[in-house]
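# Understanding the architecture of this molecule
For reference, the chains in residue letters:
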Amino acid sequence: MASPKVAVVGAGVIGLSTALCITETCPSCSVTVLSDQFSPNTTSDVAAGMLIPHTYPDTPIHRQKQWFKETFTYLFAISNSAEASEAGIHLVSGWQVFKSTPNEELPFWSDVVLGFRAMSEAELSKFPQHRFGQAFTTLKCDCPPYLLWLEKRLKAAGTQIYTRKVADLWELHSDYDIVVNCAGMGAHQLVRDKQLFPVRGQVLKVHAPWVKQFIRDGDGLTYIYPGIHRVTLGGTREKGSWSLSPDAGTTRDIFDRCCSLEPSLQGARVMEVKVGLRPSRQCVRVQREVLSQGGVELPVVHNYGHGPGGFSVHRGTANEAAHLVGECISALQGSSSRAKL
Amino acid sequence: MRVAVIGAGVIGLSSALCIHEQFHGLVPSLELEVYADHFTPHTTSDGAAGLWQPYLSDHGNLQETLWNKETFDYLLGHMHSAAAKEMGLFLISGYNLFTEPVPDPSWKNIVLGFRNLTPKELELFPGYSYGWFNTALMLEGRSYLPWLTNRLTQRGVKFFHKKVESFQEVSGDGVDVVLNCSGMRSGDLQPDPELQPGRGQIIKVLAPWVKHFIITHNLKSGIYNSPYIIPGTEFTVLGGIYQHGNWSEENSAKDHKSVWDSCCRLLPALQKAKIVDEWSGLRPARPSVRLERESIRLGNLQGEVIHNYGHGGFGITIHWGCAMAAARLFGNILQEKQQLATPPGSRL
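Just so it is clear, the structure is predicted and the values come from calculations on it, not from any experiment. (Residues numbered from 1 in each chain as written. Chains lettered and ligands numbered in written order. Predicted model: local features only at pLDDT ≥ 70, side-chain atom pairs only at ≥ 80, totals over all residues. Heavy atoms only, no water.)

### Focus: the UniProt feature "binding site: D-dopa" (unreviewed entry) in chain A
All names here are of chain A. Taken from the UniProt record, the annotation "binding site: D-dopa" (unreviewed entry) applies to Y223 and R278. Within the secondary structure layout, Y223 lies in strand 10 (residues 223-226). Residue class for Y223 comes out buried when judged on its relative accessible area of 10%. Along the polypeptide, R278 turns up in strand 13 (residues 269-280). Exposure remark for R278: the relative accessible area of 14% places this residue in the buried category. Excluding anything up to four places from it in sequence, R278 contacts M185, F197, P198, V199, R200, G201, Y223, T236, R237, G307 and P308. One polar contact links the side chain of R278 to the main-chain carbonyl oxygen of R200, over a distance of 3.3 Å. (UniProt positions renumbered as here; feature names shortened; annotations may be inferred. Helix = DSSP H or I, 4+ residues; strand = E, 2+ residues; numbered from the N terminus. Buried < 20%, exposed > 50% of the residue type's maximum accessible area, 1.4 Å probe, protein only. Contact = heavy atoms within 4.5 Å. Polar contact = N/O pair within 3.5 Å; in protein donor to acceptor, adjacent residues only side chain to side chain.)

Written out as structure tokens, the structure reads:
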């Protein structure tokens, strides 16, 4: 197969990074990205893009750690380069505080982030309602810059990018040899995955340029993440809610919770309120599948279901998905040579 | 009781506030006047980035270390108030970088979370093999000085735009105490060969992705003669110039190139940053801060001068500790005067 034609469905952080990995591991592939939404209208654009992993219940920890490590290493190199500001990647230090000491004081990712340690008494005294905390330095991917930067890299690698709503993967079988499904929440409809469910998150993007540190409550519900131009205040975790409309009461509640962690936010100006549906699953689906219909086969690689942890593992899962695309190509080449016999 | 304060930088304004806060209740007749030829945003304090960080070593000057600590603790106490934003006060973490191991600084237990850098962190800074990470405070002069001015104005303190040529000039007419917070120009009021300019030049850029301070050190060239990057609320300050004895407040092209090139080497993404301003200022450097009383002949009267100058490149870092010390000296003066003027039985 001279130039395998690969279609990547989805242009959020997963779709674009997966497409990029495929161009890197398979230079002879012709890669096309198809999506109905692009930055700034993807779920990824709502997220703060902090590299603080989520723990997937049904994915082995060593695999999650590998994904995180690959992602962190990749972004660390960009943050250290002249492209850092264009790519929207920057280091940020801060605190994760807990009202009661967590069962696991050392999360699996503590040796991947920088300078991880327990907070001192002096630092904790700033948070009278919290009795334990962790201090560390991690990376943040600001969107839209990061997605735009990925698009730029893709175009430079010859990738075609089209706006198109794909209702059924079979639509693509006549034009493409392999389909990569990075549809995020869209996979619910696209491949009818009943294990995929939305977890609604509302965030405020505020102007508060004096906030240089992140603060996150260990319960994952309240967080303050300083980005390049905006600070993301969050949030909510509403399982099963499909509503994309911001709720005014929720806005007030998020603002109040964040101000109790960081009182200076009283002086912050709310610039935008956004809602995203985290495409949640017990485990991230990074998997090969061969769809079959009327004697025709369509190799598919799935890469979706990253829930609240998409940014943290995106490059690692993209690498794995690209590897699976390689396997699909080998399988196709194997069967085509058998066909010649 | 009239007090004249000379100087409206961070030292003059904070000393005035500290004295007024402590004594106006005890001395109802207390009148404070601030005289200065430069007010915010044209003072030396306005040019400083505003990072709380003392020099590497206090050279055994424990008094200054104590004043630094008092300042840090005072500011940290204000962190949780809604006033923090107005004051230009916020927490910031960052890196101090060295090419060889160095002893821990006097301030390691004053700042938050002080620790050595890990090998992975050092990968960020090729050429540097050792360093510290800690969380400190920023106090931006461009916000703090107006905040101090507002507090003082609310308290009825008067301001006079005037270049004071002598202590006598401000101490006629019932002024009992003069607070000399004239920074670099103290030598004009009273010669002090120990006070020398430590000229600095900085470039202000737009680089909002930078969230940490980065201060490099070259033990041979001395403090602040090595690149540093300090992100503020609106701008990021690039610096790395300290020229002892240089009185020029003109920007130098050579110094610009040195700061720009060395900072871009440290953080390559800065090459894309937009330059918005450039500034040169004179750090009022002295082997130690001059914080003491002096009796001065003012016409046919004895007056008291409280000197509070010579804070070099750590004025913001040490200001509140010095303001408190100046207030204590003022308290002593008050006690002495009361003992002379008050009939027996009367008490403060």
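Moving on from the model shown.
### Some points on the interface of chain B and chain A
The interface of chain B with chain A comprises 28 residues on the first partner and 36 residues on the second. Across the contact surface, chain B and chain A share eight residue pairs in polar contact (both at pLDDT 80 or more). The set of elements that each furnish at least two residues to the side of chain B that touches chain A consists of strand 3 (89-98), strand 4 (112-116), helix 5 (119-122) and strand 5 (130-139) of chain B. Per-element accounting of the side of chain B that touches chain A gives the leading share, five residues, to strand 3 of chain B. For the side of chain B that touches chain A, the per-class residue count stands at 12 nonpolar, nine polar and seven charged. (Nonpolar A, V, L, I, M, F, W, Y, C, P; charged D, E, K, R; others polar.)

### Here we look at the packing of aromatic side chains
All names here are of chain A. Summed over the entire model, instances satisfying the criterion amount to 27 aromatic pairs over all chains. Here the aromatic rings of Y223 and Y225 are separated by 4.8 Å at their centres, their planes lie at 20 degrees, and the arrangement is stacked. Overall, the relative accessible area of 6% leaves Y225 in the buried class. A connected cluster of aromatic rings, assembled from ring pairs, spans W109, F116, F136, F214, Y223 and Y225. Sitting above the plane of the F197 ring, K239 keeps its charged end 4.9 Å from the centroid. A cation sits over an aromatic face here: R315 above Y74, 3.8 Å from the ring centre. (Phe/Tyr/Trp six-rings, centres within 6.5 Å; stacked < 30°, edge-to-face > 60°. Lys NZ or Arg CZ within 6 Å of the ring centre and 35° of its normal.)

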